[in-house]
Amino acid sequence: MAAGNRKHIRLLAAVLLSGVAFQTFTPSAPAWAQDTRIDSFNPKMPEDAKMLLSANELVYNKDAERVIVRGAVQINYGGYQMVAQQVEYSQKTGRIIATGEIELIEPGGNKVYADQMDVTDDFGNGFIERLRLETTDLTKLAAVSGERRNGEEMILNNAVYTACTPCATNPDYKSLWHVKAQRIVQNGKTHTIRMENAKFELFGKPILYLPVLEVPDQTVKRKSGFLVPKFGYTQKLGAGVSIPYYWAISPYMDATVTATGLSRQGFLLQGEFRQRFANGEHILSMAGISQLNRSSFTGNTVDALETNRGMIGSKAKFDINPRWTFGWDVLVQSDNNFAKTYELSTFDGTTFTNQVYLSGLGKRNSFDARAFYFDIQDADPDSIAENKQAVAQVLDYSYTHPEPVLGGELTADINLTNVNRNREDELQIPGIVDRFRGLEGTYHRLTADLEWKRNFIVPGGLSLTPIFAARGDVIGSSMTNPGIDYTGDFNSDDATTRRMLTAGIDARYPILLTTDYSSHIIEPIAQIFARPNEEYAGGLPNEDAQSFVFDATSLFDRDKFSGFDRIEGGTRANLGVRYTGALGNGYALRAIAGQSFHLGGVNSFATDDLVKAGANSGLETDRSDYVTMIGIDAPSGITASFSSRFDERDLDLRRADASLGYQGILWQTAVTYTSIQAQPLYGSTKDQDEIQTAAAYKFADYWSVFGSVTYDLNSNVITRNGIGITYDDRDTIFSLVYKEERDSDQSIANDWSIGARISFRTLGDIDVGDTKFDGLN
């Protein structure tokens, strides 16, 4: 052996024939051991790469410089792994010829299956017969023949392309779609798969001819180019076609520009710019249109009055550190209804909340500061209430002392609220109520609340928890006086202070009952809170305590108001019982029942404020309504719950929420019943009784149907309903959805839509209309 051939790889041949010993030898270094620099198809071979070869038989012809291995051949070299029945290597030509059940695994993870392979020793060039290629993202290509060029291109002749995820676990599965092409070029330099003279086939039938179709290969996460067009139709806008262009600006920055032609309104241009940072991201959205046909919009609405319309939106979130987050979500429109009318995704809704926020969360404390502005979509241009919304800034801080204080837990809560309104917001129902949801002017309040409590277990198992709380408010207000329409005593002072001291005790006596197959805990609960009357009850603005529902979940709250603008005053007792049960067969039960009693002082819930927060609440009398809640969870997937409030005098049902659901392998269903008795002093003059149903059923592999119905029992009208069908095998998604809505006083639908979506993995989506379905897809 010549001295110049000492830069070798070692070829280890395990000769497994019966009676033949293990042999090794060191031939001249083949060309594939040299430093060959290839792209992703053929990465650089290490200089010290060694080959491991195993076979049943090895023949080495030194004179012809040819090595032939046969029978269960396995080769591992430089990250490549090959299995074949026979492999022949010629040192003279530098070519490898493999035959019989070939499987080649590339360093990047792609797999090539073939009947015959004739390639150079660096795997960079060669010919392959009857091949299949599987990429790491489960994309599959098959061809009669293929050619590899320069380690960068794989050219497949008479080829088929598909993306089949289920095939990974079910080899017999047949994908619904594939693309047949005269030639497919997989380019490792541009990272694309180019299909020429192609036919797209669905269910085995050609439905579309494509002269050229190019898609990114499995190594590409983002690539600039036109996306699949989207289609839609609405009565007001007409038929629409959207053509989006995606621009991958950099690894951390991209944008999408979408041009939409609408048959009735003209040309809508949209843009979205996205940028990622090390600690967060920012999204900037813009859209604009010059409407051609305003008469398509009926009535004296913003849609019909404006010609040039547009919006700009900005959304960001940054993690300052693992505990602190800063961000904003802001929308500026030419009018309140633009984003909703043109269905601009993120901004399409009934109300958009503009906000800037800073949040922090520690082990025993939390901080949240936000500035709000509420943009009411689909607003009536003549409605003061809808077009003049409050601007609010809110700061919340909560702290729990890490060490016991006098043996108990000490917590503190701080709230700072500032509200500014340009107009008065009043709800008038003649002869029933004048309800001021907000007054014109500025209102700010600083609240600090301190609570201490300690738990004692006395002999016999009784749990006693004394509770002491102190709260103070500093209030500044320059809001206009509501005038004679308000029957309460409005406080017109510019500056006001308010305080509240509370002393209370919580007593519980849990009783454990057990059997061989179940356990039950019955826990009677009694509370009493003594405090002075609420200062300025009904005389101050109420911005954050307007929404109030008394039920079993709030029965044992120290202060039952939903916000800081009202304080519960007077002496009150809460009595009830809690039950928790676990049955040996997997059933779980839970229940609460109880009542609240006003014992002394002024009942805050019987004292009107500007928004009538306590009216018809069930707490306005000395003896409250009864509240109950019961729930059950079954191992079969069935869940049921019932929450109710009964009048304390005649047990008339004031409010009820009942739900029944089932979660199974094939079935999913839920039925919800809501009943709310009229609350005229709160602004609701009619009983509200509604049933909502939703269900989904998987009737075959990958196929499901779903639907929902909402029925107004008082008006005997179906207010919302919809039905849809979907197919999803992770490679192909198809959905068809029909939805309609109507007002309670209308018998025919005043808004209906049909949406369809079909998505082909790696190729793109085709959307027509809206296929979103509440909670089911």
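Let me sum up the structure you'll find in this document. Computed from a predicted model, the values in this text were never measured in an experiment.

A few points about the overall build of the protein
Step number 1: Helix and strand content of the protein: 3 helices and 46 strands.
Step number 2: By residue count, 42% of the 777 residues in the protein fall in the buried class.
Step number 3: Across the protein, every contact between residues at least 6 apart in sequence was considered, and the portion connecting residues at least 24 apart equals 50%.

Focus on the nonpolar core
Looking at soluble globular proteins, one finds that nonpolar side chains tend to be buried together.
Step number 1: Counting 49 residues, the largest nonpolar core has V87, M117, Y161, I184 and M195 as the members making the most contacts within it.
Step number 2: In this structure, M117 is in contact with M82, I96, I97, A98, I102, L104, V112, F127 and I128, ignoring residues within four places of it in sequence.
Step number 3: Grouped together as the second largest cluster of nonpolar side chains are 14 residues, L268, F297, Y342 and L344 included.

Structural notes on unusual backbone geometry
Step number 1: One non-glycine residue, Y536, lies in the positive phi region at around 55°.
Step number 2: Within the chain, N616 stands out as a residue other than glycine whose phi angle is a positive 55°.
Step number 3: Relative to the assigned elements, N616 resides in the loop between β36 (588-600) and β37 (626-633).

Remarks on the packing of aromatic side chains
What describes a pair of aromatic rings is the distance from one ring centre to the other and the angle between the planes of the rings.
Step number 1: One pass over the full model with this rule turns up 20 aromatic pairs.
Step number 2: A centroid spacing of 5.9 Å and a plane angle of 20° characterise the contact between W177 and F200, whose relative ring orientation is stacked. With W177 in strand β12 (residues 177-187) and F200 in strand β13 (residues 192-202), the pair connects residues that are 23 residues apart, well separated along the chain. Taken individually, W177 and F200 each receive the classification buried, so the pair is uniform in this respect.
Step number 3: Summarising the aromatic geometry, the rings of F548 and F605 are spaced 5.3 Å apart at their centres and angled 25° between planes, so their arrangement reads as stacked.

Section: the side chain of S359
Step number 1: Relative to the helices and strands, S359 resides in strand β23 (residues 351-361).
Step number 2: Judged by relative accessible area, S359 falls into the buried class, the value being 17%.
Step number 3: A distance of 2.5 Å separates polar atoms of two side chains, one belonging to S359 and the other to D368.
Step number 4: Sequence-distant contacts of S359, that is, excluding residues within four places in its chain, are made with R323, W324, T325, F367, D368 and R370.

A look at the pattern of salt bridges
Side-chain pairing between opposite charges can occur once the charged atoms of the two side chains come close.
Step number 1: Using the criterion set out here, one finds 40 salt bridges in the structure.
Step number 2: The salt bridge partner of R194 is E214, with a shortest N-O separation of 3.7 Å. Of this pair, R194 sits in strand β13 while E214 sits in strand β14 (residues 205-216); the two residues are 20 residues apart in sequence, bridging distant segments of the chain.
Step number 3: Bridged by salt links that share partners, the residues D625, R645, D647, E648, R649 and R654 form one connected network.

Overview of the environment of L619
Step number 1: Summarising the element assignment, L619 is placed in the loop between β36 and β37.
Step number 2: The spatial distance from the C-alpha of L619 to the C-alpha of F550 is 7.5 Å, given a sequence separation of 69 residues.
Step number 3: The contacts of L619, once residues within four sequence positions are left out, are F548, F550, K560, R572, S596, N603, F605 and S624.

Examining the pairing of strand β16 (residues 230-234)
Step number 1: Relative to strand β17 (residues 238-250), β16 runs antiparallel, the two sharing 5 bridges. Paired with F231 across the strands is V241, a residue of β17.
Step number 2: A loop of 3 residues connects β16 with β17, the two strands running antiparallel in sequence.

Side note on the environment of M117
Step number 1: Relative to the elements of secondary structure, M117 occurs in strand β8 (residues 111-120).
Step number 2: What makes M117 buried here is its relative accessible area of 1%.
Step number 3: In this structure the C-alpha to C-alpha distance between M117 and G100, which are 17 residues apart in sequence, comes to 9.1 Å.

Thoughts on the environment of Y233
Step number 1: Summarising the element assignment, Y233 is placed in strand β16.
Step number 2: In this structure Y233 comes out as exposed when scored by relative accessible area, which is 52%.
Step number 3: Counting along the chain gives 29 residues from Y233 to L262, while the straight-line C-alpha distance between them is 8.7 Å.
Step number 4: Ignoring sequence-local partners within four residues, the contact set of Y233 consists of G238, A239 and R264.

Comments concerning the side chain of S242
Step number 1: Along the polypeptide, S242 turns up in strand β17.
Step number 2: For S242, a relative accessible area of 15% corresponds to the buried category.
Step number 3: When sequence neighbours within four positions are dropped, the list of residues in contact with S242 reads P229, K230, T258, A259 and T260.

Notes on a nonpolar patch on the surface
Step number 1: Together, F226, F231, V241, I243, Y245, W247, I249, I766 and V768 give the surface a local cluster of nonpolar side chains, amounting to about 790 Å² of exposed area.
Step number 2: Secondary structure elements with two or more residues in the nonpolar patch: β17 and β46 (764-768).
Step number 3: Sort the elements by how many residues they give to the nonpolar patch and β17 lands first, with 5 residues.
Step number 4: Mapped onto the fold, V241 is located in strand β17.
Step number 5: Note on V241: relative accessible area 37%, which makes it partly exposed.

Some words on the pairing of strand β10 (residues 139-149)
Step number 1: Here 8 bridges tie strand β9 (residues 126-134) to β10, and the two strands are oriented antiparallel to one another. Bridge pairing links E134 to K140 in β10.
Step number 2: Hairpin connection of β9 to β10: 4 residues between the antiparallel strands, including L138 at a positive phi of 65°.
Step number 3: Of the pairings in the sheet, the one linking β10 to strand β11 (residues 153-163) comprises 10 bridges and is antiparallel in character. Opposite E147, over in β11, you have I155 as the bridge partner.
Step number 4: Where β10 folds back on β11, the antiparallel hairpin that results is connected by 3 residues, among which N150 adopts a positive phi of roughly 55°.

Conventions and cut-offs
Residues numbered from 1 in each chain as written. Predicted model: local features only at pLDDT ≥ 70, side-chain atom pairs only at ≥ 80, totals over all residues. Heavy atoms only, no water. Helix = DSSP H or I, 4+ residues; strand = E, 2+ residues; numbered from the N terminus. Buried < 20%, exposed > 50% of the residue type's maximum accessible area, 1.4 Å probe, protein only. Contact = heavy atoms within 4.5 Å. Core = buried A, V, L, I, M, F, W, Y, C linked by side-chain atoms within 4.5 Å. Phe/Tyr/Trp six-rings, centres within 6.5 Å; stacked < 30°, edge-to-face > 60°. Polar contact = N/O pair within 3.5 Å; in protein donor to acceptor, adjacent residues only side chain to side chain. Salt bridge = Lys/Arg side-chain N within 4 Å of Asp/Glu carboxyl O. Pairing = 2+ DSSP bridges. Patch = residues over 30% accessible without salt bridge, like charges linked within 9 Å, V, L, I, M, F, W, Y side chains within 5 Å. Areas by Shrake-Rupley, 256 points an atom, 1.4 Å probe, with all protein chains shown as cover.

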